[in-house]
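Close look at the chain arrangement
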Amino acid sequence: MSTILQARELCKTYKTSSGDVLALKNVDLDLEEGVFYAVTGRSGSGKSTLLHVLSGLDRPTGGRVTVDGTDLYAWSDDRMSAFRRRTMGFVFQQYNLLEDYNVKTNICMPLRLDGKRPDEAFFEEVTQALGIQGKLRKYPGELSGGEQQRAAIARCVLARPRLIFADEPTGNLDRRTGEETMALLTSCAARYGQTLIVVTHNPEIVRMADKVIRIEDGAVTEGA
Ligand SMILES: Nc1ncnc2c1ncn2[C@@H]1O[C@H](COP(=O)(O)OP(=O)(O)O)[C@@H](O)[C@H]1O
Ligand SMILES: [Mg+2]
């Protein structure tokens, strides 16, 4: 298996009025292509920070992140955003769908931003796999939480990112809907060979993962 993402001596310090917060302390990670990673640890341990710096959403204060050997933070912000759009997908706890657009437009948005049109057959396949073909003309506000998250997953998968980052994607769903949604996300990722990095507290979801990355007080204590 080949390494897709590598982090070396990754540090993140937040400056606050009450002093510095060391949210990440010298994290080294090697993520393999096509593997499902669960990132777990107590609240405040640095899970979201780790996801943000691994995915280029937030600059680390020290260390390096490389994706396919490319230094993520060596580029201009514009070039990095374009690279991120093509290589990475995100699924958030709050779904982040655009309320003023219907589900189909939402799902196609990342591709449109990249000047591309979705492949029709792949669009059919993904919306069917996620059970939202019947919801495409609806607006996010007309959907249940589980349906909104499935739409957000379709939006992510359709762009065929090689890496998918999800921060507590089932945090707003009831347990059963959350686990069903995760099963759909993991089967999509497995089918398309995508690397999945999911922050979760749910032991069932941790059990579904190929590998577990445990983080305590800003340091990786397992899975590095
Ligand atoms: N923007 C920020 N400014 C200051 N401190 C922050 C900020 N974001 C997170 N932190 C702090 O960094 C630490 C790690 O936070 P976070 O990565 O959100 O943890 P988790 O996702 O595991 O709950 C916590 O102590 C948190 O309070
Ligand atoms: Mg968090």
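Presented here is an overview of the structure given in this document. In this text, all values refer to a predicted model and were calculated from it rather than measured experimentally.

Rules behind the numbers
- Residues numbered from 1 in each chain as written.
- Chains lettered and ligands numbered in written order.
- Predicted model: local features only at pLDDT ≥ 70, side-chain atom pairs only at ≥ 80, totals over all residues.
- Heavy atoms only, no water.
- Helix = DSSP H or I, 4+ residues; strand = E, 2+ residues; numbered from the N terminus.
- Expected span 1.5 Å × (residues − 1).
- Buried < 20%, exposed > 50% of the residue type's maximum accessible area, 1.4 Å probe, protein only.
- Polar contact = N/O pair within 3.5 Å; in protein donor to acceptor, adjacent residues only side chain to side chain.
- Core = buried A, V, L, I, M, F, W, Y, C linked by side-chain atoms within 4.5 Å.
- Contact = heavy atoms within 4.5 Å.
- Near = heavy atom within 4 Å.
- Areas by Shrake-Rupley, 256 points an atom, 1.4 Å probe, with all protein chains shown as cover.
- Nonpolar A, V, L, I, M, F, W, Y, C, P; charged D, E, K, R; others polar.

If you check helix α6 (residues 175–191), its first and last C-alpha atoms are 24 Å apart, about what 17 residues at 1.5 Å a residue would give, namely 24 Å. Within α6, the full set of buried residues consists of Gly178, Glu179, Thr181, Met182, Leu185, Thr186, Cys188 and Ala189. By the N-cap criterion, in which a side-chain oxygen at the helix start approaches the backbone nitrogen of a residue two or three places on, α6 is capped by Asp174, the distance to Arg176 being 3.2 Å. Downstream of α6 by one or two residues, Gly193 has phi in the positive range, about 65°.

Formed by 36 residues in total, the largest nonpolar core has its most connected members in Ile107 and Leu158. Once you skip the residues sitting within four places of it in the chain, Leu158 turns out to touch Ile107, Cys108, Leu111, Pro118, Phe122, Phe123 and Val126. Among the nonpolar cores identified, the runner-up in size contains 30 residues, and Leu24, Tyr73, Met88 and Phe90 belong to it.

Take unusual backbone geometry next. Look at Glu9: it is not a glycine, yet its phi comes out positive at around 50°. Its place among the elements puts Glu9 in strand β1 (residues 3–16).

This brings us to the site of ligand 1. Lining the immediate surroundings of ligand 1 are Tyr14, Thr16, Val21, Ala23, Arg42, Ser43, Gly44, Ser45, Gly46, Lys47, Ser48 and Thr49. Lys47 places a side-chain nitrogen or oxygen 2.8 Å from an oxygen atom of ligand 1. Within the complex, 61% of the 560 Å² of free accessible area of ligand 1 lies under protein. Secondary structure elements with two or more residues in the shell around ligand 1: β1, β2 (19–32) and α1 (47–54). Considering each element in turn, the shell around ligand 1 owes the most residues, three residues, to α1. By residue class, the composition of the shell around ligand 1 is three nonpolar, seven polar and two charged.

The values reported here are purely geometric and, on their own, carry no functional implication.
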